[in-house]
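Breakdown of the fold
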Amino acid sequence: MRVLGIETSCDETAAAVVEDGRRVISNIVASQVRVHKTYRGVVPEIASRCHVEHLLPVVAEALKQAGSNERGEGIDAIAVTRGPGLVGALLVGVETAKALALAWDRPLIAVHHTLGHLHSVFCDLPEGRSRVIEILPDDGAVPALTKWPSSPSNDGMGDAIDRQEHGSGQTGAAFDYPFLGLVVSGGHSSLVRVDGPGRVCLLGNTLDDAPGEAYDKVARSLGLDYPGGPEVDRRAAQGDAGAFNLPRPVLHSHGYDFSFSGLKTAVVQEIGRFGGVEKLRADEEALCGLCASFQAAVIDVLLTKTRRALKKQRLKRLAVVGGVACNQGLRTEAVSRFKDAHLAIPSPILCTDNAAMIAAAGAHLEPLEKEEALRLDARAGWALAPAAERRGGWTRSTR
Ligand code: KG4
Ligand code: ZN
């Protein structure tokens, strides 16, 4: 069964075709990072507009690379991110998916974004199937929608970059249920027990900032570029993690929940103690040391709680997913701490937002009834547990 996945929850316009919930046939991501860089954060209205402009060419490219066409030949179903996310951005994906489902007479599947991230570990991504296109800031020109899919690198719309990197541990066909998922991204940090397709139990969640959000805010305080995660990660690799003494928030309390807002504040205080951001930035060793100390605290809290959950839940498989799972420090430390577990960390292209994970999750979920599909709405806030419950899954655990 081939599923077309569509993802537009934040600032990545993505479409993919996945076979049998595992084999990625095509994976196209049009990243808006360069568009939002000027504002040092995602501007919701601009994100929606970008999705409107770019989603159809991205879908067309995903279909073309999968040997399909604008009539959706060979596509058996359409899976779309319904939420959570930016509602205007989500709506573009949801309405497009509804229109395609109606026009092609194919079933529509609504996917929870976090469930998508959790299913990225099932994706087997052969080389050459992914394409990342950087959308350039709007120069006022009307995008060449029809020409763009066939020549993404030559029409001035953006650069096509093939990012192929392999994950740690085994993903794809080798990974299976049940497993513990650590979902770390710009909007989430959750520990989730996954027992089967859509059967999830949310063990812990973020109490305030998600780790990606903390990375982005710390980077901003340090005057680093947006998005901050990769910038801090790069400097952390050259710094001394013991240079600054930073707290490990809620390490010994609040069950499996996380909190990163206090850690971000602690970094801001350290910058002040050092004599301000200009002084710190002039001292490369101190700057890298602060990045390394921050990163070590984030990783320590994430992985210590993950270890506890893995033990308590008596699970052998662990999946580390979401945008922050691109973090080199986290990847290396997870590999070193979880040698006794079957660890899966997808390749970075499947960690940041993509549609292959949405198609992979969708393949395991029930499609909506036709009438239901036509009425499908976008959900800015959509709880993971009730979404699974509807499919006969678990409710949120009591700790
Ligand atoms: O999963 P994702 O693409 O979008 C959300 O669903 O939020 O995650 C984006 C987040 C951003 O906050 C970004 O700074 C963070 O992932 N990120 C990283 C790294 N690469 C991306 N954080 C830490 N280290 C990285 N290398
Ligand atoms: Zn995400």
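Everything discussed here concerns the structure shown above.
Rules and cut-offs
- Position labels on residues start from 1 in each chain and follow its written sequence.
- The lettering of chains begins at A and the numbering of ligands begins at 1, in the order of writing.
- With pLDDT at 70 or above as the cut-off, local features in this predicted model cover only qualifying residues; side-chain atom pairs require 80 or more to be listed or tallied, and sums for whole chains, interfaces and linings still use all residues.
- Where side-chain values are given, they derive from all heavy atoms of the structure, hydrogens and water being excluded.
- Pairs of cysteine sulfur atoms within 2.5 Å are identified as disulfides in what follows.
- Relative accessibility decides the category of a residue: with a 1.4 Å probe and only protein chains considered, values under 20% of the type maximum give buried, values over 50% give exposed, and everything between is partly exposed.
- Water is not part of the atom set, so a site may look incomplete; the donors themselves are N, O and S atoms within 2.8 Å of the metal, or 3.2 Å for Na, K and Ca.
- Tetrahedral means four donors with every angle between 85 and 135 degrees, whereas square planar (four donors) and octahedral (six donors) require angles over 155 degrees between opposite donors and between 65 and 115 for all others; sites fitting neither are termed irregular.
- Only DSSP runs of H or I with at least four residues qualify as helices, and only runs of E with at least two residues qualify as strands; both kinds are numbered from the N terminus onward.
- Here the axes come from fitting lines to C-alpha atoms, over the contacting stretch only for helices, and the angles between their N-to-C directions go from 0 to 180 degrees.
- In this scheme, roughly parallel covers angles under 35 degrees and roughly antiparallel covers those over 145, while 65 to 115 is roughly perpendicular and the rest are oblique.
- If you view the pair so one helix is near and one far, a crossing is left-handed when the near helix is turned anticlockwise from the far one by less than a right angle, and right-handed when it is turned clockwise.
- Whether two residues touch is decided by their heavy atoms; if any such pair falls within 4.5 Å, the residues are in contact.
- All amino acids are sorted into three groups, where Ala, Val, Leu, Ile, Met, Phe, Trp, Tyr, Cys and Pro are nonpolar, Asp, Glu, Lys and Arg are charged, and the leftover types, Gly among them, are polar.
- A pair of aromatic rings is counted whenever rings of Phe, Tyr or Trp (Trp by its six-membered ring) have centres within 6.5 Å, and the orientation is called stacked for planes under 30 degrees apart, edge-to-face for over 60 and tilted otherwise.
- Here, a charge over a ring is recorded when the distance from Lys NZ or Arg CZ to the ring centre is within 6 Å and its angle to the ring normal is within 35 degrees.

All told, the structure shown has 0 disulfides when counted by the stated rule. Here Cys 288 stays free of any disulfide, with the sulfur of Cys 291 as its closest cysteine sulfur at 6.3 Å. Among the residues examined, Cys 291 registers a relative accessible area of 0% and is labelled buried.

Let us look at the coordination of the zinc ion (ligand 2). Here the zinc ion (ligand 2) is held by the protein donor atoms His 113 (NE2), His 117 (NE2) and Asp 353 (OD), which lie 2.0 to 2.1 Å from it. Geometry at the zinc ion (ligand 2) is irregular, judged from its 4 donor atoms and the angles of 93 to 146 degrees they form at the metal. Written as a sequence motif, the donor arrangement for the zinc ion (ligand 2) is H-x3-H-x235-D. Here His 113 and its partner His 117 are both found in helix α4 (residues 113-119), 4 residues apart, which amounts to about one turn of the helix. The same class applies to His 113 as to His 117, namely buried.

The axes of two packed helices give the description: the angle between them and the distance between them. Between helix α5 (residues 211-221) and helix α7 (residues 261-274), whose axes approach to 10 Å, the crossing angle comes to 15 degrees. Of the possible angle classes, the one that applies to α5 and α7 is roughly parallel. Seen along the crossing, α5 lies across α7 with a hand that is right-handed. Contacts from Lys 217, Val 218 and Ser 221 of α5 reach α7 at Lys 264, Val 267, Val 268 and Ile 271. Of the residues in the contact of α5 with α7, the class split is 4 nonpolar, 1 polar and 2 charged.

Quick look at the packing of aromatic side chains now. Using the criterion set out here, one finds 7 aromatic pairs in the structure. A centroid spacing of 6.2 Å and a plane angle of 55 degrees characterise the contact between Phe 122 and Phe 175, whose relative ring orientation is tilted. In this pair, Phe 122 sits in the loop between α4 and β6 (130-135) while Phe 175 sits in the loop between β8 (168-169) and β9 (179-184), placing the two residues 53 residues apart along the sequence. No difference in accessibility class separates Phe 122 from Phe 175, as the two residues are buried. Aromatic pair Tyr 215 and Phe 294: ring centres 5.0 Å apart, planes at 75 degrees, arrangement edge-to-face. With Tyr 215 in helix α5 and Phe 294 in helix α9 (residues 284-312), this pair connects stretches of sequence that are 79 residues apart. Aromatic ring contacts, followed pair by pair, group Phe 122, Phe 175, Tyr 177 and Phe 179 into a single cluster. In this structure, Arg 82 packs its charged tip against the face of Trp 382, placed 5.0 Å from the ring centre. Positioned above the aromatic ring of Phe 274, the side-chain terminus of Lys 279 is 5.6 Å from the ring centre.

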